[in-house]
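Fold and contact review
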Amino acid sequence: MIEDTIKTLRQAAKVSTMQEADQIWCVIAGNEEMVNNIAYAAITEKDRVKILCREHIKRKDSFVTKKFDFIMLYGDINKVRDLSLMCKDNGGAYLKIAPYYVLNEPNLILAVGPENSVKKFMGDCEKARLKVNFLIEDKTTGFIETDVYITTMLPEFIRTAIDPLFKMADIALSTILLSTEEETTQKITEIAKINKIFVIEFNKILKEE
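Residues numbered from 1 in each chain as written. Predicted model: local features only at pLDDT ≥ 70, side-chain atom pairs only at ≥ 80, totals over all residues. Heavy atoms only, no water.

Moving on, we come to the overall build of the protein. Scanning the protein from N- to C-terminus turns up eight helices and nine strands. Across the 209 residues that make up the protein, the buried fraction comes to 44%. Taking all contacts inside the protein whose residues are at least 6 apart in sequence as the whole, residues at least 24 apart take part in 80%. For the protein, the exposed surface amounts to about 12,100 Å²; the carbon and sulfur share of it is 53%. (Helix = DSSP H or I, 4+ residues; strand = E, 2+ residues; numbered from the N terminus. Buried < 20%, exposed > 50% of the residue type's maximum accessible area, 1.4 Å probe, protein only. Contact = heavy atoms within 4.5 Å. Areas by Shrake-Rupley, 256 points an atom, 1.4 Å probe, with all protein chains shown as cover.)

So this is what it looks like as structure tokens:
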């Protein structure tokens with residue numbers, strides 16, 4: 001009994017220490033210009049923060065191409081906070097992932113996409129009775145870039161006049177962090193693909209660090 005108590009206390013101390021760690025993960029999503037600024041700020045502070053991955057994502061729905069960028073960072077908690085504030089000031093979405101989640105939640109999954117698509121993705125997971133634990137979410141307050149590619153069929157003088165009107169459409173992104181059981185991870189990623197949601201299995205990123 002005493003040994004079990006000591007073991008429990010040690011584990012609790014480990015979790016507490018990790019929660020107060022100086023290093024933290026952060027994911028940021030939004031339009032390309034905003035993410036370019038975040039990436040530049042991270043590169044100039046490469047001793048304090050590391051870019052783990054970056055993706056430029058395009059998806060076509062009907063006659064609209066939706067474009068957004070996604071970047072994952074790891075580094076000094078104060079620098080990450082500065083970058084997340086820069087993101088929010090420019091209308092982006094961010095999630096700061098504390099070590100607590102890494103220690104206590106199995107099979108973390110990051111998902112990002114247009115808000116309506118993310119809602120449908122979550123609904124489809126629920127319909128499939130998949131065991132998904134919803135952890136944290138953030139949404140963009142600025143809008144992502146879009147192209148209406150039907151305009152390519154119009155005469156150039158008309159396209160020149162109306163094309164800029166569609167460059168920033170009223171479409172917000174939603175970024176979410178989930179956890180699930182290992183056996184359901186593949187099914188969740190399949191549902192995300194059907195809904196054209198960009199997903200990353202967080203555990204795979206940790207193995208690559």
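Now, onward.
Right, let's get into the sheet that holds strand E9 (residues 198–201). Strands belonging to one sheet form pairs held by backbone hydrogen bonds; the direction of such a pair is parallel or antiparallel. Spatially, four strands are ordered E6-E8-E5-E9 in an open sheet, and the strand pairing comes out antiparallel. Both outer strands of the open sheet, strand E6 (132–139) and E9, are each paired with one neighbouring strand and no more. Across the sheet, the mean angle separating the axes of adjacent strands is 20° when strand polarity is ignored. Both E6 and strand E8 (residues 173–180) contribute to a ladder of seven bridges, which runs antiparallel. Among the inter-strand pairings, Asn133 is bridged to a residue of E8, identified as Ser179. Of the strands in this sheet, strand E5 (108–114), E6, E8 and E9 touch helix H7 (residues 185–194), which is tilted by about 160° from E9. (Pairing = 2+ DSSP bridges. Axes fitted to C-alpha atoms, helices over the stretch in contact; angles between N-to-C directions.)

So, on to the pattern of salt bridges. On inspection of all chains with the given rule, the structure shows seven salt bridges. With a shortest N-O distance of 2.8 Å, Lys88 and Asp138 are connected by a salt bridge. With a gap of 50 residues between them, Lys88 in helix H3 (residues 77–89) and Asp138 in strand E6 connect regions that are remote in the sequence. For Asp138, a relative accessible area of 16% corresponds to the buried category. In this structure, Lys120 and Asp124 form a salt bridge, with 2.9 Å as the shortest nitrogen-oxygen distance. You can see Lys120 and its partner Asp124 sitting in helix H5 (residues 115–127), four residues apart, about one turn around the helix. Looking at Asp124, the relative accessible area reads 18%, which means it is buried. (Salt bridge = Lys/Arg side-chain N within 4 Å of Asp/Glu carboxyl O.)

Moving on, we get to H5. Across its 13 residues, H5 extends 18 Å between first and last C-alpha, which sits within 8% of the 18 Å expected from 1.5 Å per residue. Along H5, the residues that are buried comprise Glu115, Ser117, Val118, Phe121, Asp124 and Cys125. Directly after H5, the chain includes Arg129, whose backbone phi takes a positive value near 55°. (Expected span 1.5 Å × (residues − 1).)

With that settled, consider the pairing of strand E1 (residues 23–30). Most of E1 is tucked away: seven of the eight residues are buried. Two elements, E1 and strand E4 (residues 93–97), share five bridges in a ladder whose sense is antiparallel. Residue pairing for E4: Trp25 is matched across the bridge by Ile97.

A separate point is the packing of helix H2 (residues 32–44) against H3. H3 packs onto H2 with a crossing angle of 160° between their chain directions and a minimal axis gap of 10 Å. On the basis of the axis angle, H2 is roughly antiparallel to H3. The two elements H2 and H3 cross, and the hand of that crossing is right-handed. From H2, Met34, Asn37, Ile38, Ala41 and Ala42 reach across to H3, where they touch Lys79, Leu83, Met86 and Cys87. Grouping the constituent residues of the contact of H2 with H3 by class yields seven nonpolar, one polar and one charged. (Parallel < 35°, antiparallel > 145°, perpendicular 65-115°, else oblique. Left-handed = near helix turned anticlockwise from the far one by under 90°. Nonpolar A, V, L, I, M, F, W, Y, C, P; charged D, E, K, R; others polar.)

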